[in-house]
Amino acid sequence: MLKRYLLAPGPTPVPSQVLLSMAKPIIHHRSEDFLPVLDSVKKGLQWLYQTKNDVLILCSTGTGGMVGAVNNFFNKGDLVVVINGGKFGERWTEICRAYGLKVKEITVEWGHTVSPEIVARVLEKTQGVKGVFAQASETSTGVYHDIKSLAAIVRGHDDALLVVDAISALVAHDLKTDKWGIDIMIGGSQKGVMMPPGLAFVSVSEKAWVRAQSSRLPKFYFNFIKERDNLSRNQTNFTSPVTLIRGLNESLNMLKSEGLQQVFKRHKRLAHATRMAIQSIGLDLYARESPSNAVTAILSPKGIDGQTIYKNLRQKYGITAAGGQGKARGIIFRIAHLGYSDRFDVITAIAGVEMVLKELGYPIKLGTGVAVAEELLLG
Ligand SMILES: Cc1ncc(COP(=O)(O)O)c(C=O)c1O
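Just so you know, these numbers come straight off a predicted model, no measurement behind them.

The rules behind the values
- Residues numbered from 1 in each chain as written.
- Predicted model: local features only at pLDDT ≥ 70, side-chain atom pairs only at ≥ 80, totals over all residues.
- Heavy atoms only, no water.
- Helix = DSSP H or I, 4+ residues; strand = E, 2+ residues; numbered from the N terminus.
- Expected span 1.5 Å × (residues − 1).
- Buried < 20%, exposed > 50% of the residue type's maximum accessible area, 1.4 Å probe, protein only.
- Contact = heavy atoms within 4.5 Å.
- Arc of directions from axis to C-beta.
- Near = heavy atom within 4 Å.
- Polar contact = N/O pair within 3.5 Å; in protein donor to acceptor, adjacent residues only side chain to side chain.
- Areas by Shrake-Rupley, 256 points an atom, 1.4 Å probe, with all protein chains shown as cover.
- Phe/Tyr/Trp six-rings, centres within 6.5 Å; stacked < 30°, edge-to-face > 60°.

### Digging into helix H13 (residues 343-359)
- With 17 residues, H13 should cover 24 Å at 1.5 Å per step; its first-to-last C-alpha distance of 25 Å lies within 8% of that length.
- For H13, the full list of buried residues reads Val346, Ile347, Ala349, Ile350, Gly352, Val353, Glu354, Val356 and Leu357.
- On its buried face, H13 is in contact with helix H11 (260-280), helix H12 (306-317), strand E12 (319-320), strand E13 (332-336) and helix H14 (368-376).
- Immediately beyond the C-terminal end of H13, within one or two residues, lies Gly361, with a positive phi of roughly 90°.

Structural data, given as C-alpha cells:
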C-alpha cells in the first residue's frame, strides 16, 4: 500500500467535514434551501477578503476569474502594466493581449520580488495607465510580491486599477483588500480555502465598478455587472454550483472558528519551519528575499534534477509535491503548506525530501531537517 499525501500548491487537501457537506442531496439553486447558503458564503468571503465590497462567486477555475477581471473593466487598446515574475505573471500578459490591451511588462527575475520603487517610477513616467496587474503569491517561483506597497503606489494614480491574482495567496497571507485599496482580487477554491477546484472569487472595489460601466469588451458568461445584481439576491447569473458552494460554506466556517489572524499565523509558522528545515540540510531557497507563505520553492542540489526529486517523492513515498514550471523546470521543486495543512504535513514533506535525496546520493544525515522542523513546531 502506498498512502497518498497531497502537498502541492493546488489542488490541496479537502477536510472530511467539507467533503461530507458536499455529499448531501442536490438542492435547487433558486430555492429557499439554497439562498441562505449563498448568503452565508457571500458574507464569509467578505470576511476572508477583509472587504465590505462585493466578492463575486464564479463557476470556473481561478483563470476564469483572471479573464473576467480583464474583460469586465478594460477596453481594447487600454495601456496596462503587468508585473511578470513567473508563469502566472506571464498569464496576465497573455490574457490582456488576448483582449487587445496594450501591455507594458515589468519583468522580474524569477525567484525575486518586484521592486515597488520600479513600479512607482514606471507609473510616473508612463501616461494613461489603466491598470496594474500582479500576483500576490507567484506560485511558480514561491515569491510573495509586496501588495501593500503596490496598492499605496497605484492609489496615487486615479485612472489605474490594481488587479491582484491572490489565487494561491488568499488564506496564506494577510491581504487587507479595503484598507490597502485593492480594486480587484481573484481567489480560487482549490488552494487556501480547502476546497476542490471549480470556483473562482473576485472582489470588486467601488472605483472598479465605476470603470465597469465603460468597458466594451465582449462578455457573456463572465458578466460581472449581472453577477453583482444576482449576488445581491443571493443568486448567481447561471445555475449555481450548489455542491461546491455548500462545501465552501463549511470550509469558511472552519476558517472562521480558527480565526483570521490565527489562520495567517499558522501559514507563516509552517512556511518558516519548512524553509529552516530545508536550509538545514544544505539546500537553498529559490525565493530568498520575499518567500510566499503558501509554497516553498527549493533549488535542487547540483547534479540532481528537480523533476527527479518530485517524481521520486510521488512514486516511492506517495507524496505529491510539485516540480518546477516553465524555465524553472528541473531546477527547483516545491512544497506547499497551504489550506488544510498542519505541522505533520511539513514534517512528512521534509522527511520525504531527506529520504529521496539520500537515495539519490546527496550527502545527508537523515533526520536533520525533520529535527529542525520539530523544534520549530513544538507546542
Ligand atoms: C498564482 C496563480 N494564478 C493563477 C492560477 C491558475 O488557476 P487555475 O488553475 O485555478 O485556473 C494558479 C494555479 O495554480 C495560481 O497559483
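### Details of H14
- Of all the residues in H14, the buried ones are Gly369, Val370 and Ala373. The arc enclosing the buried residues of H14, seen along the axis, measures out at 100°, which places them on a common side.
- On the buried face of H14, the contacting elements are H11 and H13.

### Considering the site of the ligand
- What surrounds the ligand is a group of 13 residues, the closest being Thr61, Thr63, Thr139, Asp165 and Lys191.
- Gly62 places a polar main-chain atom, nitrogen or oxygen, 2.9 Å from an oxygen atom of the ligand.
- Between an oxygen atom of the ligand and a side-chain N or O atom of Thr139, the distance comes to 2.5 Å.
- Starting from 390 Å² of accessible surface for the ligand in isolation, the protein chains cover 87%.

### Examining the packing of aromatic side chains
- Applying the stated criterion across every chain yields a total of seven aromatic pairs.
- Centre to centre, the rings of Phe73 and Phe224 are 5.8 Å apart; their planes meet at 65°, and the pair counts as edge-to-face. You can see Phe73 sitting in the loop between helix H3 (62-71) and strand E3 (79-84) and its partner Phe224 sitting in helix H9 (residues 224-231), a full 151 residues away along the chain. Of the two residues, Phe73 and Phe224, neither departs from the other in class, the shared state being buried.
- Judged by centre distance (4.8 Å) and plane angle (65°), the ring pair of Trp92 and Phe133 falls under edge-to-face.

### Examining unusual backbone geometry
- Here the residue pair Gly10 and Pro11 is connected by a cis peptide bond, since its omega of -5° sits within 30 degrees of zero.
- Here Pro11 is to be found in the loop between strand E1 (5-6) and helix H1 (16-21).
- Located in the positive-phi region is Met194, a residue other than glycine, with phi close to 65°.
- With respect to the helices and strands, the residue Met194 is situated in the loop between strand E9 (184-188) and strand E10 (199-204).
- The buried category is assigned to Met194, whose relative accessible area is 3%.

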